[in-house]
Amino acid sequence: MELKISSLAERPDMLGRVAGMANTWPEFVINDPVGDAYYPQIAAELPQFVQFAEDENAEVVAHAHSVPFALAAEGRGELPARGWDEVLLWAFADLRHGVRPDTVSAISVTITPHAQGLGLSGRMLTAMRDNARALGFNEVVAPVRPSAKHLEPRTPMEEYARRVRPDGLPHDPWLRVHARAGATVHSVAPASMAVAASLHDWRRWTGLPFDTAGDIEVPGALVPVRCEPEHGFAVYVEPNVWMRHRL
(Lines give C-alpha, C1' and ligand atoms only; values in the text may rest on other atoms or scores of the structure.)
Protein backbone atom coordinates (compact mmCIF):
# COMPACT_ATOMS: atom_id res chain seq x y z
CA MET A 1 0.00 0.00 0.00
CA GLU A 2 1.32 3.41 -1.00
CA LEU A 3 1.08 5.89 1.85
CA LYS A 4 1.37 9.63 2.18
CA ILE A 5 2.34 10.47 5.75
CA SER A 6 1.84 13.99 7.09
CA SER A 7 1.48 15.72 10.43
CA LEU A 8 -1.47 17.74 11.62
CA ALA A 9 0.88 20.69 11.99
CA GLU A 10 1.46 20.53 8.23
CA ARG A 11 -2.19 19.89 7.39
CA PRO A 12 -4.50 21.17 10.16
CA ASP A 13 -7.48 20.90 7.82
CA MET A 14 -7.29 17.10 8.24
CA LEU A 15 -8.12 17.13 11.96
CA GLY A 16 -11.72 16.05 11.48
CA ARG A 17 -10.84 13.18 9.18
CA VAL A 18 -8.07 11.96 11.49
CA ALA A 19 -10.28 12.14 14.57
CA GLY A 20 -13.14 10.47 12.73
CA MET A 21 -11.16 7.51 11.38
CA ALA A 22 -12.70 4.15 12.31
CA ASN A 23 -10.82 2.11 14.89
CA THR A 24 -11.08 -1.14 16.84
CA TRP A 25 -10.30 0.01 20.39
CA PRO A 26 -12.49 -1.74 23.02
CA GLU A 27 -15.03 0.77 24.29
CA PHE A 28 -13.88 0.56 27.89
CA VAL A 29 -10.35 1.59 26.89
CA ILE A 30 -11.54 4.88 25.44
CA ASN A 31 -13.35 5.64 28.70
CA ASP A 32 -10.17 6.09 30.71
CA PRO A 33 -10.71 9.52 32.38
CA VAL A 34 -7.14 10.72 31.80
CA GLY A 35 -7.42 9.84 28.14
CA ASP A 36 -10.81 11.55 27.94
CA ALA A 37 -9.26 14.74 29.28
CA TYR A 38 -5.98 14.84 27.40
CA TYR A 39 -5.94 12.62 24.30
CA PRO A 40 -7.99 15.07 22.16
CA GLN A 41 -5.70 17.87 23.28
CA ILE A 42 -2.71 16.31 21.55
CA ALA A 43 -4.13 17.19 18.14
CA ALA A 44 -5.29 20.60 19.37
CA GLU A 45 -2.13 21.71 21.19
CA LEU A 46 0.67 19.47 19.88
CA PRO A 47 -0.26 18.89 16.22
CA GLN A 48 3.37 18.34 15.25
CA PHE A 49 3.20 15.14 17.31
CA VAL A 50 0.29 13.67 15.34
CA GLN A 51 1.18 11.82 12.13
CA PHE A 52 -1.44 10.35 9.82
CA ALA A 53 -1.31 8.23 6.69
CA GLU A 54 -3.47 8.45 3.56
CA ASP A 55 -3.73 5.68 1.00
CA GLU A 56 -3.87 5.99 -2.79
CA ASN A 57 -7.50 7.14 -2.55
CA ALA A 58 -6.68 9.88 -0.03
CA GLU A 59 -8.44 7.92 2.74
CA VAL A 60 -6.96 8.26 6.22
CA VAL A 61 -5.95 4.72 7.18
CA ALA A 62 -3.67 5.22 10.19
CA HIS A 63 -2.55 7.77 12.72
CA ALA A 64 0.04 8.00 15.47
CA HIS A 65 -0.02 10.26 18.53
CA SER A 66 2.90 11.08 20.81
CA VAL A 67 3.75 13.72 23.42
CA PRO A 68 6.94 15.45 24.56
CA PHE A 69 7.75 15.57 28.26
CA ALA A 70 10.62 16.19 30.66
CA LEU A 71 11.74 12.81 31.99
CA ALA A 72 14.70 14.44 33.75
CA ALA A 73 12.53 16.92 35.65
CA GLU A 74 12.80 17.00 39.42
CA GLY A 75 10.88 14.16 41.03
CA ARG A 76 10.86 12.04 37.88
CA GLY A 77 13.88 10.40 36.28
CA GLU A 78 12.24 6.98 35.98
CA LEU A 79 9.50 5.90 33.63
CA PRO A 80 6.34 5.87 35.76
CA ALA A 81 4.49 2.85 37.08
CA ARG A 82 1.28 4.64 36.07
CA GLY A 83 2.52 4.52 32.48
CA TRP A 84 0.13 5.89 29.87
CA ASP A 85 -1.94 7.97 32.28
CA GLU A 86 1.06 9.48 34.06
CA VAL A 87 2.99 10.40 30.93
CA LEU A 88 -0.05 12.27 29.57
CA LEU A 89 -0.34 14.17 32.86
CA TRP A 90 3.39 14.98 32.83
CA ALA A 91 3.34 16.11 29.20
CA PHE A 92 0.48 18.55 29.63
CA ALA A 93 1.75 19.81 32.98
CA ASP A 94 5.08 20.56 31.27
CA LEU A 95 3.31 22.26 28.39
CA ARG A 96 1.23 24.44 30.74
CA HIS A 97 4.24 25.46 32.84
CA GLY A 98 6.74 25.98 30.04
CA VAL A 99 9.01 23.09 31.06
CA ARG A 100 11.36 22.10 28.28
CA PRO A 101 10.80 18.46 27.22
CA ASP A 102 13.68 16.03 26.75
CA THR A 103 11.86 12.84 25.70
CA VAL A 104 8.95 11.81 23.49
CA SER A 105 6.43 9.21 24.57
CA ALA A 106 4.29 7.25 22.15
CA ILE A 107 0.62 7.44 23.06
CA SER A 108 -1.10 5.47 20.32
CA VAL A 109 -0.76 3.94 16.88
CA THR A 110 -4.18 3.30 15.36
CA ILE A 111 -4.96 1.49 12.12
CA THR A 112 -8.39 1.60 10.48
CA PRO A 113 -10.01 -1.89 10.48
CA HIS A 114 -9.76 -2.69 6.77
CA ALA A 115 -6.05 -1.80 6.65
CA GLN A 116 -4.94 -3.94 9.58
CA GLY A 117 -2.44 -6.70 8.92
CA LEU A 118 -0.64 -4.76 6.17
CA GLY A 119 2.34 -3.60 8.22
CA LEU A 120 1.06 -0.06 8.75
CA SER A 121 1.70 -0.10 12.51
CA GLY A 122 5.43 -0.48 11.93
CA ARG A 123 5.43 2.27 9.33
CA MET A 124 3.60 4.64 11.68
CA LEU A 125 6.01 3.80 14.48
CA THR A 126 8.88 4.68 12.15
CA ALA A 127 7.14 7.96 11.26
CA MET A 128 6.80 8.76 14.96
CA ARG A 129 10.48 8.02 15.59
CA ASP A 130 11.55 10.07 12.56
CA ASN A 131 9.40 12.98 13.72
CA ALA A 132 10.93 12.94 17.20
CA ARG A 133 14.43 12.85 15.75
CA ALA A 134 13.64 15.74 13.40
CA LEU A 135 12.41 17.78 16.35
CA GLY A 136 15.72 17.26 18.15
CA PHE A 137 14.93 14.42 20.55
CA ASN A 138 17.20 11.42 21.04
CA GLU A 139 14.79 9.00 22.68
CA VAL A 140 11.23 7.79 22.25
CA VAL A 141 9.63 5.76 25.02
CA ALA A 142 6.40 3.81 24.70
CA PRO A 143 3.94 2.39 27.25
CA VAL A 144 3.07 -0.49 24.95
CA ARG A 145 -0.25 -2.32 25.09
CA PRO A 146 0.79 -5.81 23.92
CA SER A 147 -1.54 -6.81 21.12
CA ALA A 148 -2.00 -10.49 22.04
CA LYS A 149 -1.98 -10.20 25.84
CA HIS A 150 -5.80 -10.19 25.90
CA LEU A 151 -5.62 -13.88 24.93
CA GLU A 152 -3.87 -14.56 28.27
CA PRO A 153 -5.54 -12.21 30.75
CA ARG A 154 -4.36 -14.14 33.81
CA THR A 155 -0.70 -14.38 32.81
CA PRO A 156 1.36 -11.85 34.82
CA MET A 157 2.51 -9.03 32.56
CA GLU A 158 6.11 -9.32 33.75
CA GLU A 159 6.19 -12.94 32.60
CA TYR A 160 4.42 -12.15 29.32
CA ALA A 161 6.61 -9.16 28.46
CA ARG A 162 9.83 -11.13 28.86
CA ARG A 163 8.71 -14.09 26.76
CA VAL A 164 10.75 -14.43 23.57
CA ARG A 165 10.76 -16.56 20.44
CA PRO A 166 13.70 -18.80 19.45
CA ASP A 167 15.10 -15.88 17.41
CA GLY A 168 15.24 -13.74 20.55
CA LEU A 169 12.47 -11.36 19.53
CA PRO A 170 9.45 -10.83 21.80
CA HIS A 171 6.63 -13.34 21.63
CA ASP A 172 4.00 -10.60 21.40
CA PRO A 173 3.48 -9.17 17.88
CA TRP A 174 3.32 -5.47 18.87
CA LEU A 175 6.27 -5.74 21.25
CA ARG A 176 8.08 -7.44 18.36
CA VAL A 177 7.38 -4.50 16.01
CA HIS A 178 8.95 -2.16 18.56
CA ALA A 179 11.92 -4.48 19.04
CA ARG A 180 12.54 -4.68 15.30
CA ALA A 181 12.57 -0.88 15.23
CA GLY A 182 15.37 -0.96 17.81
CA ALA A 183 13.50 -0.73 21.12
CA THR A 184 14.26 -2.70 24.27
CA VAL A 185 11.90 -3.75 27.05
CA HIS A 186 12.57 -1.49 30.04
CA SER A 187 9.95 -2.32 32.68
CA VAL A 188 6.29 -3.08 33.31
CA ALA A 189 3.96 -0.20 34.14
CA PRO A 190 1.57 -2.12 36.42
CA ALA A 191 -1.11 0.59 36.59
CA SER A 192 -0.77 2.24 33.19
CA MET A 193 -4.48 2.95 32.76
CA ALA A 194 -7.42 2.74 35.16
CA VAL A 195 -11.11 2.64 34.31
CA ALA A 196 -13.55 2.62 37.25
CA ALA A 197 -17.22 2.72 36.30
CA SER A 198 -20.69 1.63 37.30
CA LEU A 199 -21.89 -1.87 36.53
CA HIS A 200 -24.40 -0.30 34.15
CA ASP A 201 -21.55 1.18 32.13
CA TRP A 202 -19.58 -2.07 32.09
CA ARG A 203 -22.65 -3.98 30.93
CA ARG A 204 -23.22 -1.44 28.18
CA TRP A 205 -19.60 -1.52 27.04
CA THR A 206 -19.15 -5.29 27.06
CA GLY A 207 -22.57 -6.96 26.89
CA LEU A 208 -21.60 -9.05 29.94
CA PRO A 209 -23.83 -9.37 33.03
CA PHE A 210 -21.32 -8.14 35.61
CA ASP A 211 -23.37 -9.70 38.39
CA THR A 212 -20.69 -11.84 40.07
CA ALA A 213 -18.13 -10.62 42.56
CA GLY A 214 -14.51 -11.16 41.61
CA ASP A 215 -12.37 -11.09 38.50
CA ILE A 216 -14.23 -10.98 35.19
CA GLU A 217 -12.48 -11.77 31.90
CA VAL A 218 -13.56 -9.21 29.32
CA PRO A 219 -12.85 -9.47 25.57
CA GLY A 220 -10.01 -7.10 24.70
CA ALA A 221 -8.89 -6.61 28.31
CA LEU A 222 -5.27 -7.44 29.13
CA VAL A 223 -6.14 -8.47 32.69
CA PRO A 224 -9.45 -9.33 34.38
CA VAL A 225 -11.80 -6.59 35.51
CA ARG A 226 -12.55 -6.54 39.24
CA CYS A 227 -16.31 -6.59 39.78
CA GLU A 228 -17.95 -5.47 43.04
CA PRO A 229 -21.71 -5.93 42.54
CA GLU A 230 -22.44 -5.27 46.22
CA HIS A 231 -21.02 -1.78 45.74
CA GLY A 232 -22.25 -1.25 42.19
CA PHE A 233 -18.95 -0.75 40.37
CA ALA A 234 -16.10 -2.52 38.56
CA VAL A 235 -12.48 -1.47 38.09
CA TYR A 236 -9.99 -2.26 35.33
CA VAL A 237 -6.32 -1.53 35.97
CA GLU A 238 -4.30 -2.19 32.83
CA PRO A 239 -0.58 -2.96 32.86
CA ASN A 240 1.55 -1.89 29.91
CA VAL A 241 5.18 -2.48 28.97
CA TRP A 242 7.64 0.40 28.83
CA MET A 243 9.92 0.15 25.81
CA ARG A 244 12.75 2.55 25.00
CA HIS A 245 13.86 3.61 21.53
CA ARG A 246 17.25 5.31 21.30
CA LEU A 247 17.30 7.49 18.20
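Refer to the preceding data block for the structure.
Residues numbered from 1 in each chain as written. Predicted model: local features only at pLDDT ≥ 70, side-chain atom pairs only at ≥ 80, totals over all residues. Heavy atoms only, no water.

Asks: Help me understand the overall build of the protein chain, please; the structure alone is not making it clear to me.
Replies: Within the protein chain, the regular secondary structure consists of 7 helices and 9 strands. On C-alpha atoms alone, the protein chain measures out to a radius of gyration of 18 Å, which is about the 18 Å that the 2.2 N^0.38 rule sets for 247 residues. The dimensions of the protein chain, computed from C-alpha atoms along their principal axes, are 50 × 45 × 45 Å. Counting every position in the protein chain, which comprises 247 residues, the buried fraction comes to 49%. Accessible area of the protein chain: about 11400 Å², with a carbon and sulfur share of 52%. Charged side chains in the protein chain number 23 positive and 31 negative. The centres of these two groups are separated by 4 Å. (Helix = DSSP H or I, 4+ residues; strand = E, 2+ residues; numbered from the N terminus. Rg over C-alpha atoms; globule rule 2.2 N^0.38 Å. Buried < 20%, exposed > 50% of the residue type's maximum accessible area, 1.4 Å probe, protein only. Areas by Shrake-Rupley, 256 points an atom, 1.4 Å probe, with all protein chains shown as cover. Lys, Arg positive; Asp, Glu negative; His and termini not counted. Charge placed at Lys NZ, Arg CZ, Asp CG, Glu CD.)

Asks: Please explain the packing of aromatic side chains as it appears in this structure.
Replies: To describe a pair of aromatic rings, you give the distance between the ring centres and the angle between the ring planes. Under the definition given, this model contains 7 aromatic pairs. Aromatic pair Tyr38 and Phe92: ring centres 5.2 Å apart, planes at 25°, arrangement stacked. Remark: Phe92 occurs in helix H3 (residues 83-97) and Tyr38 occurs in helix H2 (residues 33-45); sequence separation between them is 54 residues. Grouping aromatic residues by their ring pairs yields a cluster made of Phe28, Trp202, Trp205, Phe210 and Tyr236. (Phe/Tyr/Trp six-rings, centres within 6.5 Å; stacked < 30°, edge-to-face > 60°.)

Asks: Sorry, what's going on with the nonpolar core here?
Replies: If you look at soluble globular proteins, the nonpolar side chains tend to sit buried side by side. Residues Trp202, Phe210 and Tyr236 are the most contacted members of the largest nonpolar core, which totals 72 residues. Discounting chain neighbours no more than four positions away, the residues touching Trp202 are Phe28, Val195, Ala197, Gly207, Phe210, Val225, Ala234, Val235 and Tyr236. (Core = buried A, V, L, I, M, F, W, Y, C linked by side-chain atoms within 4.5 Å. Contact = heavy atoms within 4.5 Å.)

Asks: So what exactly am I meant to see when it comes to helix H6 (residues 173-180) here?
Replies: Since one α-helical turn is 3.6 residues long, residues separated by three or four positions face the same way. Here H6 has its buried residues at Trp174, Leu175, Arg176, His178 and Ala179. Buried residues along H6 sit against strand S4 (103-111), helix H4 (120-134), strand S5 (139-144), helix H5 (157-161) and strand S9 (233-246). The N-capping residue of H6, defined by a side-chain oxygen 3.0 Å from the backbone nitrogen of Trp174, is Asp172. Positive phi shows up at Gly182, right after H6, with a value of about 110°. (Polar contact = N/O pair within 3.5 Å; in protein donor to acceptor, adjacent residues only side chain to side chain.)

Asks: Is there a simple way to think about the pattern of salt bridges in this case?
Replies: When charged atoms on two side chains of opposite charge get close, those side chains can pair. A full pass over the atoms with the stated rule returns 16 salt bridges. Here Glu45 ties to Arg96 by a salt bridge, and the two come within 2.6 Å at their closest N and O atoms. In this pair, Glu45 sits in helix H2 while Arg96 sits in helix H3, placing the two residues 51 residues apart along the sequence. Under the relative-accessibility criterion, Glu45 is labelled partly exposed at 30%. Assessed through its relative accessible area of 46%, Arg96 is described here as partly exposed. Each of Glu27, Asp201 and Arg204 takes part in a single network of salt bridges with overlapping partners. (Salt bridge = Lys/Arg side-chain N within 4 Å of Asp/Glu carboxyl O.)

Asks: How do you make sense of the packing of H2 against H3 when you look at a structure like this?
Replies: Two measures define how a pair of helices packs: the angle their axes make with one another and the distance between the axes. Where H2 meets H3, the axes come as close as 10 Å, and the angle between the chain directions of the two elements is 50°. In terms of their interaxial angle, H2 and H3 are classed as oblique. Every pair of crossing elements has a handedness; the one defined by H2 and H3 is left-handed. For the pair formed by H2 and H3, the contact residues are Val34, Gly35, Tyr38, Tyr39, Gln41, Ile42 and Glu45 on the first element and Trp84, Asp85, Leu88, Leu89, Phe92, Leu95 and Arg96 on the second. Looking at side-chain class alone, the contact of H2 with H3 contains 9 nonpolar, 2 polar and 3 charged residues. (Axes fitted to C-alpha atoms, helices over the stretch in contact; angles between N-to-C directions. Parallel < 35°, antiparallel > 145°, perpendicular 65-115°, else oblique. Left-handed = near helix turned anticlockwise from the far one by under 90°. Nonpolar A, V, L, I, M, F, W, Y, C, P; charged D, E, K, R; others polar.)

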